[in-house]
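Commentary on secondary and tertiary structure
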Amino acid sequence: MADLAERLNELGVLDSWDERLGRNATYRGVDWDSERTQPGNLHVNVHRNAQRALSAVRRAVTDGASAVCWATAPDHLPDDLEVLMRSMGVPLLRVSDERRAFSLSSALLQGFPAERLDSIGITGTNAKTTTAIMLAACMQRAGIAHALSTSLIAAAGDETFPPGLSTPDAPQIQELLARAVEVGATHAVVEASSQGLSDQRLVDVPFSVGICTTIGSDHLEVHGSDAAYRRAKRLLFDGLGPAGFAVYNADEPDVVEVAAGAGAFDVPVGRSRDALALRDGDRLTLTPALARRCGREPGTINVTTPAITGHDVTSAALAATAACICGAGIEAIESGLGDFGGLPRRLSVVATRPFVVVDDMFNAHSAGTTVERRLRPLRQSTARFLCGVAVRGNRGVATNAEQGNVLGRALMRLNVDEVHVTRSVDVVGPGDHASDAEYDAIVAGLAAWGVRPTTHAQLATLVTAIFQAARPGDLIAFIGHTGMEPAVGMLRDHLRSTGRQGRRRAASFIDEHAQLRTSAGRPLGDVPQGRQP
């Protein structure tokens, strides 16, 4: 504990600590949630409400926390809490920035593994996961051992683990990086969400490459404004330094604003004449200026495959550019991109009989073109089109209005036959519940294009209604974020309930684990169901 206190003091965030109690104290884990604090762990209090904070600290100490780190501790602890902490030998570290302390204590516990890795951070409103998994496959083909942290899969070398948040909390990301170092990894590919960056979950992960995919309007419930959201994204590039590489989609001015000019070596990727990785159709050319900086020869890479078309080509170009910077050869990069077979819930065709079923998490920033482009050839070969839409709770009226408007236009152009909308109250947690205003906004957006949906409170009733209405040869699309995630599984269960033929057809649905591992260049096998290392 003395080492942690010294490092916090060097950072200027340690106000005081009980050196007598803490001199010989140690910790074997870091927690912020009092309900999960394990005996021997450091409890970092993140609650700003005084009563909740006192309750959390009291519970953590009672459950065996070895120390408490607290930014809002009162000058004088309640007598009972002070007696409890002293009787159990639990020191209090008073800090000015609990988030900084949370990250530092996690990194220190694991021996600062990120310092032994070249890390690539990927941020953006959309396509973070797609770009990260494409990059991981290219590195895997090149024999570059690495960690991978995304919202769909986490990995250390060939080992894979269930995902957590887009950017896990500091203890989880540091544990993953430490495991990667153990198995001989030299690099790490990490999704860097705006909330992860602003919460300082990655502040002890020094990045050598930053990638920015797209920039729209998102997570305003967290950041409060578009400007604050973009400032959070900018943190990734501000931290690169002059030796780092800022790789970004130069075809989007908002991306350029976020990623360029932060002091790193700028690598614009796109069709513009000043791009250092120049896209022309299905080819990506590494210009001499970029090749010299990377210590390699200029070259041209094919970044399209049968599975990489449309907006995914931008992700492939960004991933290919970053892979070149990390030392992968052109042949390995093309092989890695060739492994990509799509990702779950990214306009994925999960079944072709008795219905064609498409599943998409949907983001209005890119959906105006992507949904229609993906569904049009399927629509031309199917009889009827039934679509289920989930309201996106806790994202505000404007986001849902935009989603309804964009989706309404696409659905009408695709001659949709039935549209069903749900709040998914049976599957979402309190943080994702849709308000009346959000629900009304998406319905009004659809109605502006003449779409009159059938409404459902529960996702289960929506899926049942679509299953009962669907006929062989129809197209079914499930569109929505958290509230639509279980829909394919529910549809599969309906098919299983119809008898032997239904069970066979349900078994033919795509194996999402196999699809994911193949796209990430990993050996096939079941994703373990345990926690990250």
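The sections below set out a description of the structure shown in this document. (Residues numbered from 1 in each chain as written. Predicted model: local features only at pLDDT ≥ 70, side-chain atom pairs only at ≥ 80, totals over all residues. Heavy atoms only, no water.)

**Brief notes about the overall build of the protein**
When its secondary structure is counted, the protein shows 21 helices and 22 strands. Rg of the C-alpha trace for the protein: 25 Å, near the compact-globule value of 24 Å for 533 residues, within the 12% margin. Overall, the protein is about 75 × 55 × 45 Å in size when its C-alpha atoms are taken along their principal axes. Here the protein holds 533 residues, and the buried ones make up 55% of them. (Helix = DSSP H or I, 4+ residues; strand = E, 2+ residues; numbered from the N terminus. Rg over C-alpha atoms; globule rule 2.2 N^0.38 Å. Buried < 20%, exposed > 50% of the residue type's maximum accessible area, 1.4 Å probe, protein only.)

**Regarding the pairing of strand S6 (residues 118-123)**
The two faces of the sheet receive side chains in turn, since in a regular strand these alternate between them. Counting buried positions over the six residues of S6 gives five, a clear majority of the element. When S6 meets strand S10 (residues 187-191), the two strands line up parallel, connected through five bridges. Across the sheet, the residue bridging to isoleucine 120 is valine 189, located in S10. In this structure, S6 lies alongside strand S11 (residues 207-212), joined through five bridges in parallel fashion. Counterpart to glycine 121 in the pairing with S11 is glycine 210. (Pairing = 2+ DSSP bridges.)

**Some thoughts on the nonpolar core**
Counting 48 residues, the largest nonpolar core has Ile120, Leu135, Ile211, Val247, Val267 and Ile333 as the members making the most contacts within it. Looking at this core, the elements that each hand over two or more residues are S6, helix H6 (128-141), S11, strand S12 (245-249), strand S13 (265-270), strand S15 (283-286), helix H13 (312-325) and helix H14 (330-338). With sequence-adjacent residues up to four places away left out, valine 267 is seen in contact with Phe245, Ala246, Val247, Tyr248, Leu276, Leu290, Thr321 and Ile325. In terms of nonpolar packing, the next biggest core, distinct from the first, is built from 31 residues, Ala156, Leu177, Ala180 and Ile215 among them. (Core = buried A, V, L, I, M, F, W, Y, C linked by side-chain atoms within 4.5 Å. Contact = heavy atoms within 4.5 Å.)

**Details of the packing of helix H19 (residues 487-496) against helix H20 (residues 500-507)**
At a closest axis distance of 7 Å, the pairing of H19 and H20 adopts a crossing angle of 150 degrees. On the basis of their axis angle, the class for H19 and H20 is roughly antiparallel. Contacts between H19 and H20 involve Arg492, Leu495 and Arg496 on the former and, on the latter, Gly502, Arg503 and Ala506. In terms of residue class, the contact of H19 with H20 is built from two nonpolar, one polar and three charged. (Axes fitted to C-alpha atoms, helices over the stretch in contact; angles between N-to-C directions. Parallel < 35°, antiparallel > 145°, perpendicular 65-115°, else oblique. Nonpolar A, V, L, I, M, F, W, Y, C, P; charged D, E, K, R; others polar.)

**Structural notes on the packing of aromatic side chains**
One pass over the structure, following the stated rule, counts two aromatic pairs. Aromatic pair phenylalanine 245 and phenylalanine 265: ring centres 5.8 Å apart, planes at 75 degrees, arrangement edge-to-face. In this pair, phenylalanine 245 is assigned in strand S12 and phenylalanine 265 in strand S13, connecting sequence segments 20 residues apart. Comparing phenylalanine 245 with phenylalanine 265, the two get one shared label, buried. Ring centres of phenylalanine 355 and phenylalanine 467 lie 6.4 Å apart, and the angle between their planes is 90 degrees; on these two criteria the pair is classed as edge-to-face. Placement of the pair is phenylalanine 355 in the loop between strand S17 (348-351) and strand S18 (356-360) and phenylalanine 467 in helix H18 (residues 459-469), with a sequence separation of 112 residues. For the pair shown, phenylalanine 355 and phenylalanine 467 are each scored as buried. One Lys or Arg, arginine 293, reaches over the ring of phenylalanine 245 and ends 5.5 Å from the middle of that ring. In this structure, arginine 423 packs its charged tip against the face of tyrosine 439, placed 4.4 Å from the ring centre. (Phe/Tyr/Trp six-rings, centres within 6.5 Å; stacked < 30°, edge-to-face > 60°. Lys NZ or Arg CZ within 6 Å of the ring centre and 35° of its normal.)

**What about unusual backbone geometry?**
The linkage connecting arginine 353 with the following residue, proline 354, adopts the cis geometry, with an omega of 0 degrees. Backbone geometry at alanine 127 places phi at a positive 70 degrees, although glycine is not the residue there. The class of alanine 127 is partly exposed, set by a relative accessible area of 24%. Phi angles above zero are rare outside glycine, and glutamine 200 is one such case at about 65 degrees. Tracing the backbone shows glutamine 200 in the loop between helix H8 (194-198) and S11.

**Quick notes on the packing of H6 against H14**
With their axes 7 Å apart at the nearest point, H6 and H14 run at an angle of 130 degrees to one another. Taken together, H6 and H14 sit at an angle that is classed as oblique. Relative to H14, H6 is oriented so that their crossing is right-handed. Contacts between H6 and H14 involve Met134, Ala137, Cys138 and Arg141 from the former and Ala332, Ile333, Ser335, Gly336 and Leu337 from the latter. (Left-handed = near helix turned anticlockwise from the far one by under 90°.)

**A word on the pattern of salt bridges**
Any two side chains of opposite charge can pair if their charged atoms end up close together. One pass over the full model with this rule turns up 23 salt bridges. For glutamate 182, the salt bridge is made with arginine 179, and the minimal N-O distance between the two is 2.7 Å. With glutamate 182 and arginine 179 both in helix H7 (residues 170-182) and three residues apart, this pair spans about one turn of that helix. Take glutamate 182: its relative accessible area is 59%, and that puts it in the exposed class. Taking relative accessible area as the criterion, arginine 179 reaches 25% and is therefore assigned partly exposed. In this structure, the salt-bridge partner of glutamate 372 is arginine 376, at a minimum N-O distance of 3.0 Å. Of this pair, glutamate 372 and arginine 376 both sit in helix H15 (residues 364-380), four residues apart, which is roughly one turn of the helix. Residue glutamate 372 is classed as buried on the basis of its relative accessible area, which comes to 8%. Overlapping salt bridges bring together Asp18, Glu82 and Arg86 as one network. (Salt bridge = Lys/Arg side-chain N within 4 Å of Asp/Glu carboxyl O.)

**Concerning the sheet that holds strand S2 (residues 30-31)**
The mixed open sheet is built from five strands, whose spatial order is S1-S5-S4-S3-S2. In this open sheet, the two strands that pair with only one neighbour each are strand S1 (14-17) and S2. In this sheet, strand S5 (residues 92-95) lies alongside S1 in antiparallel orientation, the contact comprising three bridges. The residue of S5 that forms the bridge with leucine 14 is valine 95.

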